[in-house]
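Chain by chain, the residues:
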Amino acid sequence: MHQIQTKNGIVVSYQDFGHKKAPAVILIMGLGAQMTVWPKEFYLELVDNHLRVILFDNRDVGLSSQFDEYGCPSLFDTWINKYLSLGKPAPYTLECMADDVLNLMNELAISRAHLVGASMGGMIAQIIAAKHKQKVISLTSIMSTPGTFHLTTKSIVALLKLLPQHQTTSTHDKAIEYNVKLNQTIGSQGFLPDNVTLRHNATTQVNRAYNPNGIKRQLLAIAATGNRSQLLKKIKAPTLVIHGSEDPIFPIKAALQTTQLIQKSKLKIVTGLGHDFPPVLMAQIAQWITKHINKAENKRIKKQLNKLTK
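Okay, so let's go over this structure. (Residues numbered from 1 in each chain as written. Predicted model: local features only at pLDDT ≥ 70, side-chain atom pairs only at ≥ 80, totals over all residues. Heavy atoms only, no water.)

Our focus in this paragraph is the nonpolar core. Ranked by internal contacts, the top residues of the largest apolar core, which has 49 residues, are I26, L94 and I124. Counting residues per element, this core draws most heavily on helix α4 (residues 120-131), which supplies 8 residues. For I26, the contacting residues outside a window of four places in its chain are I54, F56, V101, M105, A113, H114, L115 and V116. Counting residues in hydrophobic clusters, the runner-up holds 29 residues, among them W38, Y43, V116 and F277. (Core = buried A, V, L, I, M, F, W, Y, C linked by side-chain atoms within 4.5 Å. Buried < 20%, exposed > 50% of the residue type's maximum accessible area, 1.4 Å probe, protein only. Helix = DSSP H or I, 4+ residues; strand = E, 2+ residues; numbered from the N terminus. Contact = heavy atoms within 4.5 Å.)

Next comes the structure, spelled out in structure tokens:
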């Protein structure tokens, strides 16, 4: 693992796999999830397909910069401030988190990359692809959404379960138990690991880092950013949308809407997939993404050759 301080002062913890001259793929994780949630079966498959893969912890999670000085502002207050324009912003927005990705790319001397974002990470990747077109060769949006309007009663209940206990009342054992129940709730029910594996995975995550208030601040960033439907219409990069048929957070309707908003995007529905990364499904998803990236790379190279020959 490496750490780097970007020009905006954010410390980003990251891992960098594959040949440095290979096409760069940046994996952007979702709400409250550390980079270690990406299954090795997934990202090493990408590396084996001759891609450079970069994983990192978003701000306020894992071993990247924490924003504890902001405490835990109210989600309700953030929504009220957003929609009534009261001038009381959240600690940061998804745009700020998008800047973290761009600054990491700059520090690693990556001028353009293929972005793969999951859930909240998909939202961040969408923002970058729409606002910084020259930085994005291709986009893959996994289990994500254009905005919160797709939330159903079932989704809201599941989201509430994403919120951990307050840091002052949480203990190591309670944090592990929360992580286990979370994965049982949002995971792919047909592919859930046994309880021993779930607890082992949860213990590994909690032992590495655990910041419940950081998770809540990330949720505030989503709320403060709001709907991105009009923004998605500006995306020009080749886009692959991947979504699970059994996602309890964002229904398939969210994926359909994303595909409709982004020009020339393609949708892949994964039967049985919830809001997680079952290892048994990762090889297929990695193959789809590799094919998508290679097609975008070939198109980019062809365009460069055409410019040289004119």
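Take the side chain of D276 next. With respect to the helices and strands, the residue D276 is situated in the loop between β8 (266-270) and α11 (279-309). At 2.5 Å, the side chain of D276 and the side chain of S188 are in polar contact. Discounting residues that sit within four places of it in the chain, D276 has contacts with M143, I186, G187 and S188. (Polar contact = N/O pair within 3.5 Å; in protein donor to acceptor, adjacent residues only side chain to side chain.)

Turning next to the packing of aromatic side chains. With the rule as written, the count across this model stands at 5 aromatic pairs. Seen in terms of ring centroids, W38 and F42 are 5.7 Å apart; in terms of plane orientation they differ by 20°. Their pairing is stacked. Just as W38 is buried, F42 falls in that class too. A ring pair is formed by W38 and F277, whose centres lie 5.1 Å apart and whose planes are at 45°; its orientation type is tilted. (Phe/Tyr/Trp six-rings, centres within 6.5 Å; stacked < 30°, edge-to-face > 60°.)

With respect to the helices and strands, K133 occurs in the loop between α4 and β6 (136-142). Put simply, K133 and R112 are 21 residues apart on the chain and 9.3 Å apart in space, counted from C-alpha to C-alpha. At a separation of 3.4 Å, a polar atom in the side chain of K133 contacts the main-chain carbonyl oxygen of K234.

Another point: the sheet that holds β6. In spatial order, the strands read β1-β2-β4-β3-β5-β6-β7-β8; together these 8 strands make up an open sheet with mixed pairing. Each of the sheet's edge strands pairs with one partner strand only, and the pair in question is β1 (2-5) and β8. On average, adjacent strands in this sheet sit at an angle of 25° to one another, irrespective of strand direction. Here 5 bridges tie strand β7 (residues 239-244) to β8, and the two strands are oriented parallel to one another. Within β8, the residue paired with H243 across the bridge is I269. Strands β3 (24-28), β5 (113-118) and β6 of the sheet are contacted by α4, whose axis makes an angle of about 145° with β5. (Pairing = 2+ DSSP bridges. Axes fitted to C-alpha atoms, helices over the stretch in contact; angles between N-to-C directions.)

Of note in this structure, H50 is not a glycine but carries a positive phi near 70°. Take H50: it is sitting in the loop between α1 (40-48) and β4 (52-56). Residue M143 is not a glycine yet carries a positive backbone phi of 45°.

What follows concerns a nonpolar patch on the surface. On the surface, a cluster of nonpolar side chains totalling about 310 Å² of accessible area is made up of I301, L305 and L308. Within the secondary structure, I301 sits in helix α11. Residue classification places I301 among the partly exposed residues on the basis of a relative accessible area of 37%. (Patch = residues over 30% accessible without salt bridge, like charges linked within 9 Å, V, L, I, M, F, W, Y side chains within 5 Å. Areas by Shrake-Rupley, 256 points an atom, 1.4 Å probe, with all protein chains shown as cover. Salt bridge = Lys/Arg side-chain N within 4 Å of Asp/Glu carboxyl O.)

As a further point, take the layout of surface pockets. Unoccupied space between atoms shows up once a probe the size of one water molecule is rolled over them. For the second largest pocket, the calculated volume is near 460 Å³. Lining the second largest pocket are 15 residues, with P238, K264, K266, H292 and K295 sitting closest to its centre. Looking at the lining of the second largest pocket, the elements that each hand over two or more residues are β7, β8 and α11. It is α11 that contributes the most residues to the lining of the second largest pocket, 6 residues altogether. Class assignment for the residues of the lining of the second largest pocket results in 5 nonpolar, 3 polar and 7 charged. (1 Å grid on protein atoms, 1.4 Å probe; cavity = no way out; pocket = protein on both sides within 12 Å on 5 of 7 lines; lining within 4 Å. Points joined across faces, edges and corners; volume = space filled by probe spheres on them. Nonpolar A, V, L, I, M, F, W, Y, C, P; charged D, E, K, R; others polar.)

Right, let's talk about the pattern of salt bridges for a bit. Enumeration over the complete set of coordinates arrives at 8 salt bridges. Between R52 and D16 there is a salt bridge, with the nearest N and O atoms lying 2.6 Å from each other. Highlighted residues: R52 in strand β4 and D16 in strand β2 (residues 11-17), separated in sequence by 36 residues. In this structure D16 comes out as buried when scored by relative accessible area, which is 17%. For D100, the salt bridge is made with R59, and the minimal N-O distance between the two is 2.6 Å. Of this pair, D100 sits in helix α3 (residues 94-107) while R59 sits in the loop between β4 and α2 (75-84), placing them 41 residues apart in sequence. In this structure, D100 and R59 share a single accessibility class: buried. Taken together, the shared-partner salt bridges in this structure form one network comprising D60, D68 and R217.

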